[in-house]
Amino acid sequence: MENYYGAPYDVIAKIQGFHAGEAASCVERLRSFIAAGVRHIVLRFGGGDQSVQLERATREILPHLRA
């Protein structure tokens, strides 16, 4: 992450949120943003095949966030 953004983690973490883990923990993290009133969320995938990560998020995360 530090190599990608070119800054120390502590600096980056002050301006954007990060989370890694199983789909269920990602859902809970995103729900906390929604509960706080966030209306737009940008997901960025930190590694691996981006299209596979997008498909997985679409299948395992997004359905649990829809009202």
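Residues numbered from 1 in each chain as written. Predicted model: local features only at pLDDT ≥ 70, side-chain atom pairs only at ≥ 80, totals over all residues. Heavy atoms only, no water.

### Brief notes about the nonpolar core
Keep this limit in mind: To qualify as a nonpolar core, a set must consist of buried Ala, Val, Leu, Ile, Met, Phe, Trp, Tyr and Cys residues joined through side-chain atoms within 4.5 Å. The rule is simple: take the accessible area with a 1.4 Å probe, protein chains only, and divide by the maximum for that residue type; under 20% is buried, over 50% is exposed, in between is partly exposed. Working definition: helices are DSSP H or I runs of at least four residues, strands are E runs of at least two. Numbering for both runs from the N terminus. Contacts: residue pairs with any heavy atoms within 4.5 Å of one another.
In terms of nonpolar packing, the biggest core is built from 6 residues, these being A23, C26, V27, L30, A57 and I61. The element best represented in this core is helix α3 (residues 23–35), accounting for 4 residues. With residues near it in sequence (within four places) discarded, A23 still touches E60 and I61.

### Quick notes on the environment of R31
By the element assignment, R31 lies in helix α3. For R31, a relative accessible area of 37% gives the class partly exposed. Sequence separation between R31 and L65 is 34 residues; the distance between their C-alpha atoms is 6.9 Å. The contacts of R31, once residues within four sequence positions are left out, are H64 and L65.

### Observations concerning the confidence of the model for the protein chain
Definition in use: What pLDDT conveys is the predictor's confidence in a given residue, as a value from 0 to 100.
Across the protein chain, pLDDT averages 90, with 99% of residues at or above 70. Element-level pLDDT for the protein chain is lowest in helix α1 (residues 2–5), with a mean of 83, against a maximum mean of 95 in α3.

### Considering the pattern of salt bridges
It is possible for side chains bearing opposite charge to pair when their charged atoms get close. Convention followed: What makes a salt bridge here is a side-chain nitrogen of Lys or Arg within 4 Å of a carboxyl oxygen of Asp or Glu, nothing more.
One pass over the structure, following the stated rule, counts 3 salt bridges. The partner of R31 in a salt bridge is E28, and the shortest N-O contact between them spans 3.1 Å. Of this pair, R31 and E28 are both found in helix α3, 3 residues apart, which corresponds to roughly one turn of the helix. Since its relative accessible area comes to 47%, E28 is described here as partly exposed.

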